[in-house]
Amino acid sequence: MVAPFKIGIDIVSVRRVREAIERQGSRFLDRIFTKAEQAYCNQKRNKFENYAARFAAKEAVIKAKKGGRGRY
């Protein structure tokens with residue numbers, strides 16, 4: 001039997017992502033984002049918005065795959 005197709009969407013507060021990065025630094029970044037993602041986001045003018053967008057996308061995929069709340 002084929003599993004039903006699921007779709008996920010998430011909204012993440014840019015402020016919360018920024019605070020997590022400022023508070024935890026590389027510990028948070030290395031846990032959530034690849035080095036390539038970090039390099040990409042860090043070169044952008046609005047890096048915290050880019051981090052938040054990537055975080056939201058990852059959360060949405062995890063929730064869609066698991067069928068519930070995403071957790072890292």
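As a starting point, this report considers the structure included with it. Model, not experiment: these values are computed from the prediction.

## Some points on the packing of helix H1 (residues 14–24) against helix H4 (residues 47–66)
Running from N to C, H1 and H4 point in directions that differ by 105 degrees, and their axes come no closer than 9 Å. Between H1 and H4, the interaxial angle falls into the category roughly perpendicular. Of the residues in H4, those in contact with Val14, Val17, Arg18, Ile21 and Glu22 of H1 are Phe48, Glu49, Tyr51 and Ala52. In terms of residue class, the contact of H1 with H4 is made up of six nonpolar, no polar and three charged.

## Looking at the environment of phenylalanine 28
Tracing the sequence through the fold places phenylalanine 28 in helix H2 (residues 26–32). A relative accessible area of 11% places phenylalanine 28 in the buried class. Separated by 11 residues in sequence, phenylalanine 28 and valine 17 place their C-alpha atoms 9.6 Å apart. Phenylalanine 28 has contacts with Ala20, Ile21, Phe33 and Phe55, leaving out every residue within four places of it along the chain.

## What to know about the environment of phenylalanine 48
The topology assignment puts phenylalanine 48 in helix H4. The sequence separation of phenylalanine 48 and arginine 15 amounts to 33 residues, and the corresponding C-alpha distance is 8.2 Å. The contact partners of phenylalanine 48, leaving out residues within four places of it in the chain, are Val14, Val17, Arg18, Ile21 and Glu22.

## As for the packing of aromatic side chains
One pass over the structure, following the stated rule, counts three aromatic pairs. A centroid spacing of 4.9 Å and a plane angle of 55 degrees characterise the contact between phenylalanine 33 and tyrosine 51, whose relative ring orientation is tilted. Here tyrosine 51 lies in helix H4 and phenylalanine 33 lies in the loop between H2 and helix H3 (35–42), a separation of 18 residues in the sequence. Each member of the pair, phenylalanine 33 as well as tyrosine 51, is classed as buried. A connected cluster of aromatic rings, assembled from ring pairs, spans Phe28, Phe33, Tyr51 and Phe55.

## Thoughts on the pattern of salt bridges
For the coordinates displayed, the defined rule picks out five salt bridges. Across the salt bridge formed by glutamate 22 and arginine 18, the nearest N and O atoms sit 2.9 Å from each other. Taken together, the residues glutamate 22 and arginine 18, both in helix H1 and four residues apart, mark about one turn of the helix. Given the relative accessible area of 40%, arginine 18 is considered partly exposed. Residue arginine 54 pairs with glutamate 37 through a salt bridge whose shortest N-O separation is 3.5 Å. Residue arginine 54 is located in helix H4, and its partner glutamate 37 is located in helix H3; the two are separated by 17 residues in the primary sequence.

Calculation notes
- Residues numbered from 1 in each chain as written.
- Predicted model: local features only at pLDDT ≥ 70, side-chain atom pairs only at ≥ 80, totals over all residues.
- Heavy atoms only, no water.
- Axes fitted to C-alpha atoms, helices over the stretch in contact; angles between N-to-C directions.
- Helix = DSSP H or I, 4+ residues; strand = E, 2+ residues; numbered from the N terminus.
- Parallel < 35°, antiparallel > 145°, perpendicular 65-115°, else oblique.
- Contact = heavy atoms within 4.5 Å.
- Nonpolar A, V, L, I, M, F, W, Y, C, P; charged D, E, K, R; others polar.
- Buried < 20%, exposed > 50% of the residue type's maximum accessible area, 1.4 Å probe, protein only.
- Phe/Tyr/Trp six-rings, centres within 6.5 Å; stacked < 30°, edge-to-face > 60°.
- Salt bridge = Lys/Arg side-chain N within 4 Å of Asp/Glu carboxyl O.

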